[in-house]
Amino acid sequence: MSDYVLPTEIWIEEILTRLPLKTLLRCTSVCKSCTNPFNIIGTCNGLVCLSEDAQQYTDIMTLWNPSIRKFVRLPYPNFGYNAHGAYLLLVGFGFNPVTNDYNVVRVAYPKKVETKVVELYELSTGSW
């Protein structure tokens, strides 16, 4: 088999958005490569948060609503590999009932500095 990887746009626009969520989750529990090159960060109220492989420092994240087959590509975060070098990354996704908004949280631990950087994406504003 070839090592060819489909471009991100093909995975999202042509494949993932056409699958029912139940099918997608069933496939990922059987075969982790089914969502390659994506990681499922989390699901909340029917929305799915996807991220490209964090090991490659691509910082490409997408919020996807499979029931209406729509998705939002998140802007690049402010903290990234090009400006700061290698880092460890934790990412979370959920709903904040206080602000009535969906949030993505990134906690980056730069390898060269003994501190952490926390960024919050708000769906309502479309920014970090």
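Above this note sits the structure.
What you see is a predicted model, and the numbers here were worked out from it, not measured in a lab.

Engineer: When you look at the sheet that holds strand 6 (residues 101-110) in this model, what are you seeing that I'm missing?
Structural biologist: The strands making up a sheet associate through hydrogen bonds between their backbones, and the pairing can be parallel or antiparallel. Pairing in this open sheet of three strands is antiparallel, and the strands run 5-6-7 from one edge to the other. Sheet topology places strand 5 (87-96) and strand 7 (117-122) at the edges, where each strand pairs with a single neighbour. Looking at each pair of strands side by side, their axes are set apart by 15° on average, direction ignored. Pairing between strand 5 and strand 6: ten bridges, direction antiparallel. Looking at strand 6, one finds that Tyr87 is bridged to Pro110.

Engineer: For this particular structure, what's the right way to read the environment of Gly92?
Structural biologist: Along the polypeptide, Gly92 turns up in strand 5. For Gly92, a relative accessible area of 26% translates into the label partly exposed. Linking Gly92 and Arg106, residues 14 residues apart in sequence, is a C-alpha distance of 6.7 Å.

Engineer: What is the right way to look at the packing of aromatic side chains in this model?
Structural biologist: The geometry of two aromatic rings is summed up by the distance between their centres and the angle between their planes. If you walk through the whole model with that rule in mind, you get three aromatic pairs. It is Arg106 that lies over the ring of Trp128; its NZ or CZ is 6.0 Å from the centre.

Engineer: Which parts of the structure should I look at to understand the side chain of Thr62?
Structural biologist: With respect to the secondary-structure elements, Thr62 resides in strand 3 (residues 61-65). Assessed through its relative accessible area of 0%, Thr62 is described here as buried. One polar contact links Thr62 to Arg73, side chain to side chain, over a distance of 3.5 Å.

Engineer: What is the right way to look at the pairing of strand 6 in this model?
Structural biologist: The side chains of a regular strand alternate between the sheet's two faces. Burial runs high along strand 6: eight of the ten residues are buried. In textbook terms, the turn of a hairpin is the stretch between consecutive antiparallel strands, and for strand 5 and strand 6 this stretch comprises four residues, one of which, Asn100, has a positive phi near 55°. Relative to strand 7, strand 6 runs antiparallel, the two being bridged by six bridges. Bridge pairing in strand 7 links Val105 to Leu120.

Reading guide: rules and limits
- Residues numbered from 1 in each chain as written.
- Predicted model: local features only at pLDDT ≥ 70, side-chain atom pairs only at ≥ 80, totals over all residues.
- Heavy atoms only, no water.
- Pairing = 2+ DSSP bridges.
- Helix = DSSP H or I, 4+ residues; strand = E, 2+ residues; numbered from the N terminus.
- Axes fitted to C-alpha atoms, helices over the stretch in contact; angles between N-to-C directions.
- Buried < 20%, exposed > 50% of the residue type's maximum accessible area, 1.4 Å probe, protein only.
- Phe/Tyr/Trp six-rings, centres within 6.5 Å; stacked < 30°, edge-to-face > 60°.
- Lys NZ or Arg CZ within 6 Å of the ring centre and 35° of its normal.
- Polar contact = N/O pair within 3.5 Å; in protein donor to acceptor, adjacent residues only side chain to side chain.

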